[in-house]
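# Close look at the chain arrangement
These are the residues of each chain, in order.
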Amino acid sequence: MRLWNKYKVTSIPSLVFVDAATGKVVCRNGLLVVRDDPKGLEFPWGPKPFAEVVAGPLLRNNRQTADSSSLEGHYVGVYFSAHWCPPCRSLTRVLVESYRAIKESGQKFEIVFVSADRSEESFQQYFSEMPWLAVPYSDEARRSRLNRLYGIQGIPTLILLDAEGHMITRQGRVEVLNDPECRLFPWHPRPVLELSEANAVQLHEGPCLVLFVDAEEEGELEPAKELIQPVAEKLMAKSKAKDEEMPLLFFVAGEDDMTDSLRDYTNLPEAAPLLTILDMSARAKYVRDVEEITQGVVDQFVSDFLAEKLKPEPI
């Protein structure tokens, strides 16, 4: 289960290539590597720059083309989606409005659609709704290389890149839904999130610290965020220095129907404040039962969890 969490495995079969000398991931989507390069001509399959992988002509829905070099100096959203997927179509409707709002604000921003449709006809029908660019459906090799580059395991997925082609976040879908006015664009990762229906999907992507508090009104969660923020920021800086993903996400949760459902699903007590770490894929939870939750308590709880000193309870 630790390996499943470490490599963010959400479906099987899954094949991950790792550099044994450093422990770093070479390629998350090894199944595509095996399919696309059966003779190993591209070995060791390490990540390439986005500009190199996307290189070539891109389409607009008016049948005009643009070269991928036109993306230089832009924030780029790499959008993996398909017409047959209902959540994809729902996200696309919201994303069109976000795209227009960002462009109208004067930001240099472009989206590249990487289709997972099952036919050229479906691709064309879906792409006709989109005001941005797309990799030609016929260029299956380039679409596959982009899937491999970002280890795509499910759709819809929206990857946000900075002007140099470096990843800002894999959570573009969550950010677009949580920030319809695009005030936080380009959506750099925040150390602590307020748990919502839009970002609750992240609870299933690895271990998450969730601080439950007695708060029903907007703004009442701020003291809780301020309490755990220094711990989250320290872990984020440490992970960034090692060029690794965060081993733990941080949330604060108030009193609402979704939080009640989460408590019921994980069989947590109704107490508030309540400090927990939830590991959905391992179906495990960790609860710190103390009279007062301080920053020191949170820091020690996180340290003990990462050092595997805590005993899990089943969810």
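The sections below set out a description of the structure shown in this document. Predicted model only: the values in this text are computed from it and were never measured.

This brings us to the side chain of Thr259. Looking at where Thr259 falls in the secondary structure, it is placed in helix H9 (residues 257-266). Aside from chain neighbours lying at most four places away, what touches Thr259 is Phe212, Ala253 and Gly254.

So, on to the packing of helix H8 (residues 222-241) against helix H10 (residues 295-306). Packing of H8 against H10 brings their axes to within 8 Å, and their N-to-C directions diverge by 35 degrees. As H8 runs across H10, the sense of the crossing is right-handed. Judged by residue contacts, Leu227, Ile228, Pro230, Val231, Lys234 and Leu235 of H8 engage Gln295, Val298, Asp299, Val302 and Leu306 from H10.

Where charged atoms from two side chains of opposite charge approach closely, those side chains can pair. The full count for this structure, using the stated rule, is 14 salt bridges. Residue Lys234 pairs with Asp299 through a salt bridge whose shortest N-O separation is 3.0 Å. Of this pair, Lys234 sits in helix H8 while Asp299 is found in helix H10, placing the two residues 65 residues apart along the sequence. Under the relative-accessibility criterion, Lys234 is labelled partly exposed at 48%. On the accessibility criterion, Asp299 (25% relative accessible area) is partly exposed. One continuous salt-bridge network, built from bridges that share partners, spans Arg35, Asp36, Glu42 and Arg148.

Attention shifts here to the pairing of strand S8 (residues 157-161). Burial runs high along S8: five of the five residues are buried. Alternating positions in S8 separate into two faces, Thr157, Ile159 and Leu161 on one and Leu158 and Leu160 on the other, with burial throughout. Note: strand S5 (residues 75-81) against S8, five bridges, orientation antiparallel. Paired with Val76 across the bridge in S8 is Leu161.

Parameters and conventions
- Residues numbered from 1 in each chain as written.
- Predicted model: local features only at pLDDT ≥ 70, side-chain atom pairs only at ≥ 80, totals over all residues.
- Heavy atoms only, no water.
- Helix = DSSP H or I, 4+ residues; strand = E, 2+ residues; numbered from the N terminus.
- Contact = heavy atoms within 4.5 Å.
- Axes fitted to C-alpha atoms, helices over the stretch in contact; angles between N-to-C directions.
- Left-handed = near helix turned anticlockwise from the far one by under 90°.
- Salt bridge = Lys/Arg side-chain N within 4 Å of Asp/Glu carboxyl O.
- Buried < 20%, exposed > 50% of the residue type's maximum accessible area, 1.4 Å probe, protein only.
- Pairing = 2+ DSSP bridges.

Bear in mind that shape data such as this cannot, by itself, settle questions of function.
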